[in-house]
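For reference, the chains in residue letters:
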Amino acid sequence: DAMVIQNPRYQVTQFGKPVTLSCSQTLNHNVMYWYQQKSSQAPKLLFHYYDKDFNNEADTPDNFQSRRPNTSFCFLDIRSPGLGDAAMYLCATSRDWEQGALAKNIQYFGAGTRLSVL
Amino acid sequence: AQKITQTQPGMFVQEKEAVTLDCTYDTSDPSYGLFWYKQPSSGEMIFLIYQGSYDQQNATEGRYSLNFQKARKSANLVISASQLGDSAMYFCAMRDMDSSYKLIFGSGTRLLVRP
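Residues numbered from 1 in each chain as written. Chains lettered and ligands numbered in written order. Predicted model: local features only at pLDDT ≥ 70, side-chain atom pairs only at ≥ 80, totals over all residues. Heavy atoms only, no water.

Where do I start with the interface of chain A and chain B in this structure?
Many descriptions give the size of an interface as the accessible area lost when the pieces come together. Contacts between chain A and chain B engage 29 residues on the former and 26 residues on the latter. Contact between chain A and chain B buries roughly 2,100 Å² in total, counting both sides, with carbon and sulfur atoms accounting for 57%. Summed over the shared surface of chain A and chain B, the result is 1 salt bridge. In this structure, Glu57(A) engages Lys102(B) in a salt bridge whose closest nitrogen and oxygen atoms are separated by 2.7 Å. Applying the counting rule to chain A against chain B returns 6 residue pairs in polar contact (both at pLDDT 80 or more). Sorting the residues of the side of chain A that touches chain B by element identifies strand S4 (31-37), strand S5 (44-50) and strand S9 (87-94) of chain A as the ones contributing at least two each. (Contact = heavy atoms within 4.5 Å. Buried area = accessible area lost by both parts, 1.4 Å probe. Salt bridge = Lys/Arg side-chain N within 4 Å of Asp/Glu carboxyl O. Polar contact = N/O pair within 3.5 Å; in protein donor to acceptor, adjacent residues only side chain to side chain. Helix = DSSP H or I, 4+ residues; strand = E, 2+ residues; numbered from the N terminus.)

Shown next as structure tokens:
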């Protein structure tokens, strides 16, 4: 059974129309991540939550926001999607138990939401 | 700055044969962790194997093994007895030295297993 669930799998939105992607987890992990992955590229971290603490990557556009109302759910809000925001959005979780550069902290990913912007 | 390099954009392998996917890395930190992830066409990134810089032995997980050569800064993934289901994108990644949470990914290698 899937442990990190992303809905919907495919999302079509119009240019400039706000859109929300959702992620839920049954692993009870305290860290949740959002990645953007464009075609044939590596995933790019947008931000992550450590419990309720939000950590934004320096180069994440202001257009992208996130909410984590509880341990299980995390949302990605794109306030005004542009054509360049069409991508796969991946959610991941990890259980924090190690610190430092050797930290294993395996990330478990959902199947992603593929966003199209018309 | 840390960097992961995967020089093989795409590779073919015959079913049941072994294949090696290359990964080299650059870091100034003597402590680091290396990961391999598999991404099938369905999109989900699947963790395969982890190697810590101080691990005495090369990591192995079933048909996956890591050829870790520290002096050469390489961490090549070896898949033995390839199966059709191994066709996917493979990413090598490294833990960011400044963050316990951030992974630095390579550009990936697309593997196609031929029947």
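Would you mind going over the pairing of strand S8 (residues 73-78) of chain A with me for this structure?
One face of the sheet, then the other: side chains in a regular strand alternate in exactly this way. Residues and elements named next belong to chain A. Within S8, 5 of the 6 residues are buried, which leaves it mostly tucked inside the rest of the structure. Bridging between strand S3 (residues 19-25) and S8 involves 6 bridges; their strand directions are antiparallel. Each bridged residue has a counterpart across the sheet, and for Ser-22 the counterpart in S8 is Phe-75. (Buried < 20%, exposed > 50% of the residue type's maximum accessible area, 1.4 Å probe, protein only. Pairing = 2+ DSSP bridges.)

Where do I start with the state of the cysteines in this structure?
Should the sulfur atoms of two cysteines be covalently bonded, the bond is a disulfide. Applying the stated criterion across every chain, the model contains 2 disulfides over all chains. Disulfide partner of Cys23(A): Cys91(A), at an S-S distance of 2.0 Å. As the torsion about the S-S bond is roughly -75 degrees, the Cys23(A)-Cys91(A) disulfide counts as left-handed. Remark: Cys91(A) occurs in strand S9 and Cys23(A) occurs in strand S3; sequence separation between them is 68 residues. The class of Cys23(A) is buried, set by a relative accessible area of 1%. Between the sulfur atoms of Cys23(B) and its disulfide mate Cys92(B) the distance is 2.0 Å. Because the sign of the S-S torsion sets the handedness, a value of about -65 degrees for the bond joining Cys23(B) and Cys92(B) places this disulfide among the left-handed ones. Of this pair, Cys23(B) sits in the loop between strand S3 (19-21) and strand S4 (24-26) while Cys92(B) is found in strand S10 (residues 88-95), placing the two residues 69 residues apart along the sequence. (Disulfide = S-S within 2.5 Å.)

By themselves, these are just geometric observations and shouldn't be taken as functional.
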